[in-house]
Amino acid sequence: MTNKRTASMIRVDQAGEYGATRIYAGQLAVMGDRHPMAREIAHMAEQEERHRKFFDAMVARRGVRPTALQPVWNVAGFALGAVTAAMGPRAAMACTAAVETEIDRHYRDQLDELADSDPELSTAVADFRAEELEHKEKALASGAEQAPGYPLLSLAIRAGCRAAIALSKRI
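Quick caveat, the model's predicted, so the values are computed rather than measured. (Residues numbered from 1 in each chain as written. Predicted model: local features only at pLDDT ≥ 70, side-chain atom pairs only at ≥ 80, totals over all residues. Heavy atoms only, no water.)

Another point: helix α4 (residues 89-114). The α-helix advances 3.6 residues per turn, and as a result positions three or four apart in sequence lie on the same side. Compared with an ideal rise of 1.5 Å per residue, which puts 26 residues at 38 Å, α4 spans 37 Å between its outermost C-alpha atoms and is within 8% of the ideal. Note on α4: the residue one or two positions beyond its end, alanine 115, has a positive phi of about 50°. (Helix = DSSP H or I, 4+ residues; strand = E, 2+ residues; numbered from the N terminus. Expected span 1.5 Å × (residues − 1).)

See below:
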C-alpha cells in the first residue's frame, strides 16, 4: 500500500500521461500523416503511451484510486489536440510546449518532494521528465512561439494544465 501523498502523485501522473496521449490523438486525427510534424507527434505520442502504461501498472500494483475525472481528460485532451492542430502545426507545437512547461514544473516539484523516499517513482519521474523536456525543445524548435496568438494560447493551456493537476490530486 502507498501513503496518501505518494498515491496522490501517482494518480496525477497517470491522469496527466493519459491526457497527453489524448492530446496527441486529437492532433493526429486532424493532421493525419499529411504534415512533416505528424511523424514527430506520433513519436511523442508513443513515449506518452509508454509513460501512461507505467503509471497504469503502478496504480494497479499499489492500489491507488485513479482520478474520477478520466472521462473529462479523455474528451478535453482530444479536443485540445484537435483544436490546436486545426489552427496549424505551429499551434499544435505551441500546445506541446505549454503542456510540457507545466509537466516539467510538476515533475521537478515531485522529485524535490520525493527525494529518496520512493526510488521506483523517483526514477520513473526523472526519466519521463527528461523525455517531456525533449518534447518541449522539439516543439520550440518547430516554431511553437510563432503560432498565432502564442502568448495567450500558451497562457491558457498552462492554466488548464495547472487546474487539471490540482483537480486530479483530489477527485
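Ranked by internal contacts, the top residues of the largest apolar core, which has 37 residues, are Ile10, Phe55, Met93, Val99, Leu121, Ala144 and Ile157. Of all the secondary structure elements, the ones that give two or more residues to this core are α1 (4-31), α2 (37-62), α4, α5 (119-141) and α6 (150-170). In terms of residues, this core owes the most to one element, α4, which gives eleven residues. (Core = buried A, V, L, I, M, F, W, Y, C linked by side-chain atoms within 4.5 Å. Buried < 20%, exposed > 50% of the residue type's maximum accessible area, 1.4 Å probe, protein only.)

What follows concerns the UniProt feature "binding site: Fe cation 2" (unreviewed entry) in the chain. When the UniProt feature table is mapped to this numbering, "binding site: Fe cation 2" (unreviewed entry) covers Glu48, Glu100, Glu132 and His135. For the annotated residues, spread through 88 residues, the largest C-alpha to C-alpha distance comes to 11.4 Å, consistent with a single compact locus. Position of glutamate 100 relative to the elements: it lies in helix α4. Beyond its immediate chain neighbours, meaning those up to four positions away, glutamate 100 contacts Tyr24, Glu48, Glu132, His135 and Lys136. Histidine 135 has contacts with Tyr24, Met44, Gln47, Glu48, Thr96 and Glu100, leaving out every residue within four places of it along the chain. (UniProt positions renumbered as here; feature names shortened; annotations may be inferred. Contact = heavy atoms within 4.5 Å.)

Another point: the UniProt feature "binding site: Fe cation 1" (unreviewed entry) in the chain. Feature annotation in UniProt assigns "binding site: Fe cation 1" (unreviewed entry) to the following positions: Glu17, Glu48, His51 and Glu132. Their sequence span is 116 residues, while the largest C-alpha to C-alpha distance among them is just 10.4 Å; these annotated residues converge on one region. Within the fold, histidine 51 resides in helix α2. Setting aside chain neighbours within four positions, we find histidine 51 in contact with Glu17, Phe128, Glu131 and Glu132. Position of glutamate 132 among the secondary structure elements: in helix α5. Taking the relative accessible area as the measure of exposure, glutamate 132 reaches 2% and is therefore buried.

Glancing now at the packing of α2 against α5. α5 packs onto α2 with a crossing angle of 160° between their chain directions and a minimal axis gap of 11 Å. With respect to their mutual orientation, α2 and α5 come out roughly antiparallel. For the crossing formed where α2 meets α5, the hand is left-handed. For the pair α2 and α5, contact is made by Glu40, His43, Met44, Gln47, Glu48, Arg50, His51, Phe54, Phe55, Met58, Arg61 and Arg62 and by Glu120, Leu121, Ala124, Val125, Phe128, Glu131, Glu132, Glu134, His135 and Lys138, respectively. Residue composition of the contact of α2 with α5, grouped by class: eight nonpolar, four polar and ten charged. (Axes fitted to C-alpha atoms, helices over the stretch in contact; angles between N-to-C directions. Parallel < 35°, antiparallel > 145°, perpendicular 65-115°, else oblique. Left-handed = near helix turned anticlockwise from the far one by under 90°. Nonpolar A, V, L, I, M, F, W, Y, C, P; charged D, E, K, R; others polar.)

Per the stated rule, a full pass over the model turns up zero disulfides. Considering cysteine sulfurs only, cysteine 161 is the nearest to cysteine 95, which forms no disulfide, with 7.4 Å between them. (Disulfide = S-S within 2.5 Å.)

With respect to the helices, strands and loops of the structure, serine 122 is situated in helix α5. A polar contact of 3.4 Å, which involves the side chain of serine 122, links it to the backbone oxygen of alanine 115. Setting aside residues up to four positions removed in sequence, serine 122 forms contacts with Leu111, Leu114 and Ala115. (Polar contact = N/O pair within 3.5 Å; in protein donor to acceptor, adjacent residues only side chain to side chain.)

Here the focus is the packing of helix α3 (residues 70-87) against α4. Contact geometry for α3 and α4: axes closest at 5 Å, N-to-C directions at 140°. One finds that α3 runs oblique with respect to α4. Regarding α3 and α4, the two cross each other, and that crossing is right-handed. Mapping the contact onto sequence places Leu80, Thr84, Ala85 and Met87 in α3 and Ala91, Ala92 and Cys95 in α4.

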